[in-house]
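# Reading the structure
Here are the chains, one letter per residue:
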Amino acid sequence: MSQSEASATEFELIDCNEAAHAVAILDILNEAILNSTALYDYQPRTLQSMQTWFATKRQHGFPVLGIINPTGELLGFATWGTFRAFPAYKYTVEHSVYIHHAHRGCGLSKILMQALIEKAQQQQLHVIVGCIDADNAASIQLHQKLGFTHSGTIQQAGFKFGRWLDAAFYQLTLTTPLHPQDG
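Residues numbered from 1 in each chain as written. Predicted model: local features only at pLDDT ≥ 70, side-chain atom pairs only at ≥ 80, totals over all residues. Heavy atoms only, no water.

So, on to the nonpolar core. Grouped together as the largest cluster of nonpolar side chains are 29 residues, with contacts concentrated most on Ile67, Trp80, Leu112, Ile117, Ile128 and Phe148. Mapped by element, the contributors of at least two residues to this core are strand 2 (64–68), strand 3 (74–82), strand 4 (92–99), helix 3 (108–122), strand 5 (127–133), helix 4 (137–145) and strand 7 (163–173). In terms of residue count, the dominant contributor to this core is helix 3 (eight residues). With residues up to four places along the chain from it excluded, the contact list for isoleucine 67 reads Phe11, Glu12, Leu13, Glu73, Leu74, Leu75, Gly76, Leu108, Ile111 and Leu112. If you look at the next biggest cluster of nonpolar residues, it comprises 18 residues, including Leu26, Ile28, Ala32 and Ile68. (Core = buried A, V, L, I, M, F, W, Y, C linked by side-chain atoms within 4.5 Å. Buried < 20%, exposed > 50% of the residue type's maximum accessible area, 1.4 Å probe, protein only. Helix = DSSP H or I, 4+ residues; strand = E, 2+ residues; numbered from the N terminus. Contact = heavy atoms within 4.5 Å.)

Quick look at helix 3 now. In an α-helix, one full turn covers 3.6 residues, which means residues spaced three or four apart are oriented alike. Between its terminal C-alpha atoms helix 3 stretches 21 Å, which fits the 21 Å expected from 15 residues at 1.5 Å a residue. Taken together, the buried positions of helix 3 are occupied by Leu108, Ile111, Leu112, Met113, Ala115, Leu116, Ile117 and Ala120. Among the residues trailing helix 3, glutamine 124 stands out with phi positive, at a value near 60 degrees. (Expected span 1.5 Å × (residues − 1).)

The next subject is the packing of aromatic side chains. Any pair of aromatic rings gets described here by the distance separating the centres and the angle formed by the planes. According to the stated counting rule, one finds six aromatic pairs in the structure shown. Arranged with centres 5.9 Å apart and planes meeting at 85 degrees, the rings of tryptophan 53 and phenylalanine 77 form a pair that is edge-to-face. Linking tryptophan 53 in helix 2 (residues 47–60) with phenylalanine 77 in strand 3, this pair joins segments that are 24 residues apart in sequence. On the basis of an interplanar angle of 50 degrees and a centroid distance of 6.3 Å, the ring pair of phenylalanine 86 and tyrosine 89 is categorised as tilted. By relative accessible area, which is 29% here, tyrosine 89 ends up partly exposed. Members of the aromatic cluster, joined through ring pairs, are Trp53, Phe54, Phe77 and Tyr98. (Phe/Tyr/Trp six-rings, centres within 6.5 Å; stacked < 30°, edge-to-face > 60°.)

Take the pattern of salt bridges next. Counted according to the given criterion, the structure contains four salt bridges. The closest approach of N and O atoms between arginine 104 and glutamate 31, which form a salt bridge, is 2.7 Å. Of this pair, arginine 104 sits in the loop between strand 4 and helix 3 while glutamate 31 sits in helix 1 (residues 18–35), placing them 73 residues apart in sequence. Since its relative accessible area comes to 18%, glutamate 31 is described here as buried. (Salt bridge = Lys/Arg side-chain N within 4 Å of Asp/Glu carboxyl O.)

On their own, these measurements won't tell you what the molecule is for.
What follows is the structure, encoded as structure tokens:
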């Protein structure tokens, strides 16, 4: 195995919780906000905002999966949230996956995404949507390898770092739920 590929035995998947992981998640998010177009956000988030973030995840039963190394350091996380706030979208979620900048390119995103997809099937979801900056070739390639298909791009959807950003949407359609229902 190459050094750039993560081994499942080197890392452990966990369910993140606010008390143990809010600060590490905040650090990962804020680094991405300040240094990348992974988030179309300008200002770093606060620890107080993480309380609301975790409360929303708990309220809706949204997972926050993490990946830790043998010393317990959080290397990355994946989650999902509401795609659109209308009842007919109840089987569709929008996911996020973020890796600590020092651990990118090691295959951790793939491990987290596979676990997130499995969790979506268990929760009887039907579509997982990812909104990816159109210039983020690595994320697009990962999503395509996992079976996501391009479902559209909103040109110049965001403006950050002095330039327009295109938001590319990718979706994975699952075979679940077995018996979808209105209402």
